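Chain by chain, the residues run as shown.
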Amino acid sequence: MESLVIIVFVLGYLAITLEHNLKIDKLIPALGMMAVSWALISLGHLEVFEVNTELLRLEPTHLDEILLHHLGKTAEILIFLIGAMTIVEIIDYFNGFSAIKGFVQTNSKKKLLWIFSILAFILSAIIDNLTATIVLITILRKIIQKKEDRLWFAGLIIVAANAGGAWSPIGDVTTTMLWISDKVTTVNLIKYLFIPSLLCMAIPALLASRLPAFQGEIEPVEDGEEEKADEYSKIMLYLGLSAIVFVPIFKTVTGLPPYVGMMLSLAVVAIFAEIYSNARISLTSVDTDSDEAGHHSPVHSALSGIELPSILFFLGILMAVAALESLGILFNFANAMNETVPMLGTEPKIDGYNVSDLVVMLMGVASAIIDNVPLVAASIGMFSDPVDSPLWHFIAFAAGTGGSMLIIGSAAGVVAMGMEKINFFWYLKKISWLAFVGFLVGSVAFMFLRSFI
């Protein structure tokens, strides 16, 4: 029966990659393989496990308990995502991103590539790679009219955002997991990974800047195609971004999960959005108690504008992978890799660091195919290295940046895929090799720096 679960996952994954050929939205196979996988586990009375991090082994548990556990973890991510998307949509409702658009005073594709890559690298470290991708692709739509050009920029934004998220404890789900689990500390994470992550962003951008796609000038969006900014645009932009930045501060102070802080931030932004929206309506002599005014609610408008298909797709993918994790398949797979892959550039006697660099790099490649969250979760239970061991920092880098090699290998990629309808094979052909080169250069840089830190 376990084999059937694996087959269902593989078939579902193939259906996702062949979305445009099959003309079936990717969320359908994602939700289908999630439901079928858990149904097979239930009908086959398969034994499910959770990882005991102290004894480093799998321990049996009840199906309903492990299902609720994974659903809760997935819900935390999805609610956080919904909150971030809604705040971004509220900012867009007030045309707030036109303020950033005003800072871009060039039509040169090459210059714009570096501007967006650097913005993605910095923003993702502050507001996480997922939210940074949403923000920057929204800005792209305000600046670049030609879809083919936007696809190229979106691809490099994904690479830069994932690189930026790797060196910050709040920049990516996996680094946050390692941070919360006391495997890494903020200062040492930055010290080990800032330069490798910077190279992982800069090298692909440098290579891409020499491609024909980034030569010449863009075809800008005509001013008549969008509303002009007003007095509330900049206010909502700064308020919205500040509210997102507030989330990790809220988590640090209260110890509560990030989605709680995101909901608080959304509530604050929504209050001001309603106030400013009513002020706008009053200026146009519309009765604020009328049905017409109700239809202008920025919160309702924002909620209707979020990428719900991407949310459902994310739900399906995470819960399908959770099924494999619950059966112990991912845990055993990672153990098998560590036992069979030869040691590469490691010194087993130093700090208990006895895991091959090649194993970690293979985990990074695997994170482009299988979600990096369960892979990192399995590694936390597998390896017993102390806090701030180079192993944990390498895992954070590999899992965070390896997902850039496929469009569905990271949350940033999944959201970009939904927002710009990026074809899986287009990304594989045009962007994947750039992401791989960046990953390889960053990995080599990490192994070099590790010897001096």
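Thresholds, definitions, all that
- Residues numbered from 1 in each chain as written.
- Predicted model: local features only at pLDDT ≥ 70, side-chain atom pairs only at ≥ 80, totals over all residues.
- Heavy atoms only, no water.
- pLDDT = per-residue confidence, 0-100.
- Contact = heavy atoms within 4.5 Å.
- Axes fitted to C-alpha atoms, helices over the stretch in contact; angles between N-to-C directions.
- Helix = DSSP H or I, 4+ residues; strand = E, 2+ residues; numbered from the N terminus.
- Parallel < 35°, antiparallel > 145°, perpendicular 65-115°, else oblique.
- Left-handed = near helix turned anticlockwise from the far one by under 90°.
- Nonpolar A, V, L, I, M, F, W, Y, C, P; charged D, E, K, R; others polar.
- Salt bridge = Lys/Arg side-chain N within 4 Å of Asp/Glu carboxyl O.
- Buried < 20%, exposed > 50% of the residue type's maximum accessible area, 1.4 Å probe, protein only.
- Polar contact = N/O pair within 3.5 Å; in protein donor to acceptor, adjacent residues only side chain to side chain.
- Core = buried A, V, L, I, M, F, W, Y, C linked by side-chain atoms within 4.5 Å.
- Phe/Tyr/Trp six-rings, centres within 6.5 Å; stacked < 30°, edge-to-face > 60°.
- Expected span 1.5 Å × (residues − 1).

(A) Local environment of the confidence of the model for the chain. When pLDDT is averaged along the chain, the result is 82; 86% of the residues meet or exceed 70. Taken together, the stretch residues 343–354 has pLDDT below 50 and engages in 27 contacts with residues farther than four places along the chain or on a different chain.

(B) Inspection of the packing of helix α4 (residues 63–93) against helix α7 (residues 129–143) at higher detail. Relative to each other, α4 and α7 sit at 25 degrees, their axes nearing to 10 Å. One finds that α4 runs roughly parallel with respect to α7. Here α4 runs over α7; the crossing is right-handed. Residues Phe80, Leu81, Ala84, Met85, Val88 and Asp92 of α4 lie in contact with α7, whose contacting residues are Leu130, Thr131, Ile134, Val135, Thr138 and Lys142. Of the residues that constitute the contact of α4 with α7, the class distribution is 8 nonpolar, 2 polar and 2 charged.

(C) Examining the pattern of salt bridges more closely. Evaluated as defined, the whole model comprises 5 salt bridges. Note that Glu420 is salt-bridged to Lys147, the shortest N-O span being 3.8 Å. Of the two residues, Glu420 sits in helix α20 (residues 411–420) while Lys147 sits in helix α8 (residues 147–166), which places them 273 residues apart along the sequence. Taking the shortest distance from any N to any O, the salt bridge between Arg150 and Glu420 comes out at 3.2 Å. Of this pair, Arg150 sits in helix α8 while Glu420 sits in helix α20, and the two are 270 residues apart along the sequence. The residues Arg150 and Glu420 share a single accessibility class, namely buried. A cluster of three or more residues bridged by salt bridges with shared partners is formed by Arg141, Lys147, Arg150 and Glu420.

(D) Summary view of the side chain of Glu420. Residue Glu420 is classed as buried on the basis of its relative accessible area, which comes to 1%. A distance of 3.2 Å separates a polar atom in the side chain of Glu420 from a polar atom in the side chain of Arg150. With residues up to four places along the chain from it excluded, the contact list for Glu420 reads Ile137, Arg141, Lys147, Arg150 and Leu151.

(E) The arrangement of the nonpolar core in detail. Residues Ile90, Phe116 and Phe153 are the most contacted members of the largest nonpolar core, which totals 137 residues. With 12 residues, helix α15 (residues 308–326) is the largest single contributor of residues to this core.

(F) Quick peek at unusual backbone geometry. The residue Lys23 is not glycine, and still its phi comes out positive at about 60 degrees. Summarising the element assignment, Lys23 is placed in the loop between α2 (19–22) and α3 (27–43). Positive phi is not limited to glycine here, since Asn95 has a value of about 60 degrees. Counting through the fold element by element, Asn95 comes out in the loop between α4 and α5 (98–103). In this structure Asn95 comes out as buried when scored by relative accessible area, which is 5%.

(G) Layout of the packing of helix α6 (residues 109–127) against helix α10 (residues 186–208). Packing of α6 against α10 brings their axes to within 10 Å, and their N-to-C directions diverge by 160 degrees. What the angle tells us is that α6 and α10 run roughly antiparallel. As α6 packs across α10, the resulting crossing turns out to be right-handed. Here Leu113, Trp114, Ser117 and Phe121 of α6 come into contact with α10, specifically with Phe194, Ser197, Leu198, Met201, Ala202, Ala205, Leu206 and Ala208. Counted by class, the contact of α6 with α10 contains 10 nonpolar, 2 polar and no charged residues.

(H) View of the packing of aromatic side chains. Tallying each qualifying case throughout the model produces 16 aromatic pairs. Between Tyr232 and Tyr276, the aromatic rings sit 4.7 Å apart at their centres with planes inclined by 25 degrees, giving stacked as the arrangement. Here the residue Tyr232 occupies a position in helix α11 (residues 231–254), and Tyr276 occupies one in helix α12 (residues 258–283), the gap between them amounting to 44 residues. The class of Tyr232 is buried, set by a relative accessible area of 11%. Tyr276 sits in the buried class, given a relative accessible area of 16%. Here the aromatic rings of Phe272 and Tyr276 are separated by 6.2 Å at their centres, their planes lie at 45 degrees, and the arrangement is tilted.

(I) Spotlight on the side chain of Ser168. With respect to the element layout, Ser168 can be found in the loop between α8 and α9 (173–180). With residues up to four places along the chain from it excluded, the contact list for Ser168 reads Ala125, Thr175 and Leu189.

(J) Structural detail: α15. With 19 residues, α15 should cover 27 Å at 1.5 Å per step; its first-to-last C-alpha distance of 27 Å lies within 8% of that length. Looking one or two places after α15, you find Gly328, whose phi comes out positive at around 85 degrees.

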